[in-house]
Amino acid sequence: MRYYKIVLTHPDRATTSTDEINARGGKPLTFNTHPNGVNAAPDMGALHVIMDVPVTTFDQANGAAYVEIRGIDIHTISQASNLQGYTIKIYGGMGKGFPLAKPSQSGLLLVGSVYQAFGNWVGTEMSLNLLVQPFSEPLTQANSPKFVWHWAKGQDIKDAITKCVTSAMNGYTCNFQLANTLIGTHDDLGFYDDFSSLAQVIINASRSVNQAQDYYGIQFFVAGKTFYFFDNTGSNSPKKIEFNDLIGQPTWLGPAEYPKIMLQTVMRADLALNDVITMPLFNQLGSKTLAGYGTIAPTGQNIQTPKDRSLFQGNFQITSLRHIGHSRNPDGAAWVTVIEAVKT
């Protein structure tokens, strides 16, 4: 069965351990399909949830995450605006039930803060709608950080990035997974008032030092109160994508700017940006022979598309994730994780 858990906590009480629902008592507000865990029976009366949760680096244009909870009570939607600034944790995946469901892949999709919250009442339908940012508190024009970038000649880029980010974002830390040490060849200065501009500057600066054709540059994202910076390193141990995890075949996104594919799996939380995945060679039985899937041969074309194996094999590094869910929609493509990854 499809699994979700959404926990809304007042920022002053975000570190408390209780996760019980109590909309009127000031405790964390929780919506959960599996109150006894993903391996236990689900709550068949769980509310209808629609969500679109992008997890990307800052150099890629993307909007806020969106969560809609339908079937909410009137008291909650009447106080919806009070949820602005709340800390939110979104969990997702599959609980025990269907033969191919893998509860071990379920978990935390996003930690962030509610940027906007509003209630909606149309006809007999009530819903709570949330726009979510990946930061510990919402960023607005009033508190948007101002970044002063200074990469001095002879300085390690990690030191320049750490000073730039921590000076503008009090309480945040930096984590690095870089293939090589990059030393500045000249003084590089700049002032930036948004993350996308800073992200592009860091990519260009790192590629100006490492000019290898297959070097992507340093990218970064935020999770909790930590900024994660990575380049072509990838994770130490590739994670295998099983053939029966895929929904449809992977799609080739073209060589611009690097060889990249897009694939769609059942919603899962065990993958993260910078992880390396291994595409399946053959069907879930591990056989190199056709397993009843056959091939698709377009009429009048000398092209065959195999149905028993992935169109792409080998290792790919994840550059973007997007969790899309519609909990009561019976379509198999209504509860998925969309992955973009580059060839390693």
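This structure is a prediction, so every number in the text was calculated from the model and none was measured.

Colleague: Lay out the layout of surface pockets with the relevant residues and their values.
Modeller: If you add up the space inside the largest pocket, you get close to 980 Å³. Taken together, 38 residues make up the lining of the largest pocket; nearest its centre are Thr-56, Phe-58, Pro-134, Phe-135 and Val-222. At the level of secondary structure, the elements contributing two or more residues to the lining of the largest pocket comprise strand S3 (48–56), strand S6 (107–122), strand S7 (125–133), helix H3 (195–209), strand S11 (219–223) and strand S19 (314–326). Per-element tally for the lining of the largest pocket: the top contributor is S6, with four residues. Within the lining of the largest pocket, the residues separate by chemical class into 24 nonpolar, twelve polar and two charged.

Colleague: Which residues make up the packing of aromatic side chains, and what values go with them?
Modeller: Counted under the stated rule, the structure contains 15 aromatic pairs. Between the aromatic rings of Phe-58 and Phe-227, the centroid separation amounts to 6.3 Å while the plane-to-plane angle is 40°, which identifies the pairing as tilted. Of this pair, Phe-58 sits in the loop between S3 and strand S4 (65–70) while Phe-227 sits in strand S12 (residues 226–230), placing them 169 residues apart in sequence. Each member of the pair Phe-58 and Phe-227 is classed as buried. Consider the rings of Phe-147 and Phe-195, whose centres lie 5.0 Å apart with planes at 65°: the pair is edge-to-face. Within this pair, whereas Phe-147 is found in strand S8 (residues 147–151), its partner Phe-195 is found in helix H3, the two being separated by 48 residues in sequence. Judged by relative accessible area, Phe-147 falls into the buried class, the value being 0%.

Colleague: How would you sum up the pattern of salt bridges? Please name residues and give values.
Modeller: Under the counting rule described, the total for this entry stands at seven salt bridges. One salt bridge in this structure joins Glu-68 and Arg-70, with 2.6 Å as the shortest N-O distance. Its salt-bridge partner being Asp-245, residue Arg-268 comes within 3.3 Å of it at the nearest N-O pair. Taken together, the residues Arg-268 in the loop between strand S15 (260–266) and strand S16 (276–279) and Asp-245 in the loop between strand S13 (239–240) and strand S14 (251–254) connect sequence positions 23 residues apart.

Colleague: Please set out the confidence of the model for the protein residue by residue, giving values where relevant.
Modeller: Interpretation of this model should avoid reading the predicted coordinates in detail wherever pLDDT is low. Per-residue confidence for the protein gives a mean pLDDT of 85; residues scoring 70 or more make up 86%. This model gives residues 14–25 a pLDDT under 50, and the stretch forms 21 contacts once residues within four places in sequence are excluded. For the stretch residues 289–297, pLDDT sits under 50, and the model shows 25 contacts to residues farther than four places along the chain or on other chains.

Colleague: An account of the nonpolar core is needed here, citing residue identities and associated values.
Modeller: Counting 49 residues, the largest nonpolar core has Leu-8, Leu-130 and Ile-277 as its most contacted members. Every residue in contact with Leu-8, bar those within four places of it in the chain, is listed here: Pro-28, Leu-29, Phe-31, Leu-83, Tyr-86, Thr-87, Ile-88, Val-114 and Leu-130. By size, the runner-up hydrophobic cluster in this structure holds 28 residues, among which are Ile-161, Ile-202, Ala-205 and Phe-227.

Colleague: How would you sum up the environment of Ala-223? Please name residues and give values.
Modeller: Position of Ala-223 relative to the elements: it lies in strand S11. Classification of Ala-223 by relative accessible area gives partly exposed; the value is 35%. Taking the C-alpha atoms as reference, Ala-223 lies 6.7 Å from Val-111; in sequence the two are 112 residues apart.

Calculation criteria
Numbers given for residues are sequential positions, taken from 1 along each chain in its written order. With the structure being a predicted model, the display of local features is reserved for residues of pLDDT at least 70 and the display and counting of side-chain atom pairs for 80 or more, all residues being used for whole-chain, interface and lining totals. The side-chain quantities take in all heavy atoms of the structure and omit both hydrogens and water. A cavity here means a set of 1 Å grid points, computed over protein atoms only, where a 1.4 Å probe fits but cannot escape. A pocket is an open set with protein on both sides within 12 Å along at least 5 of 7 lines, and lining residues have an atom within 4 Å of a point. Grid points are joined across faces, edges and corners, and a volume is the space filled by probe spheres set on the points. For the purposes of this entry, the term helix denotes a DSSP run of H or I that reaches at least four residues, the term strand denotes a run of E that reaches at least two, and both are numbered from the N terminus. Under the grouping applied here, Gly and all other residues not named as nonpolar or charged are polar, the nonpolar ones being Ala, Val, Leu, Ile, Met, Phe, Trp, Tyr, Cys and Pro and the charged ones Asp, Glu, Lys and Arg. Any two rings among Phe, Tyr and Trp, with Trp reduced to its six-membered ring, count as a pair given centres within 6.5 Å; such a pair is stacked if its planes are under 30 degrees apart, edge-to-face if over 60, and tilted if neither. Accessibility here uses a 1.4 Å probe with only protein chains present; expressed as a share of the type maximum, an area under 20% marks a residue as buried, one over 50% as exposed, and anything in between as partly exposed. Here, a salt bridge means any Lys or Arg side-chain nitrogen found within 4 Å of an Asp or Glu carboxyl oxygen. Per-residue confidence from the predictor is given as pLDDT, running between 0 and 100. The contact criterion used throughout is that any non-hydrogen atoms of two residues lie within 4.5 Å. What makes a nonpolar core is a set of buried Ala, Val, Leu, Ile, Met, Phe, Trp, Tyr and Cys residues whose side-chain atoms join them at distances within 4.5 Å.

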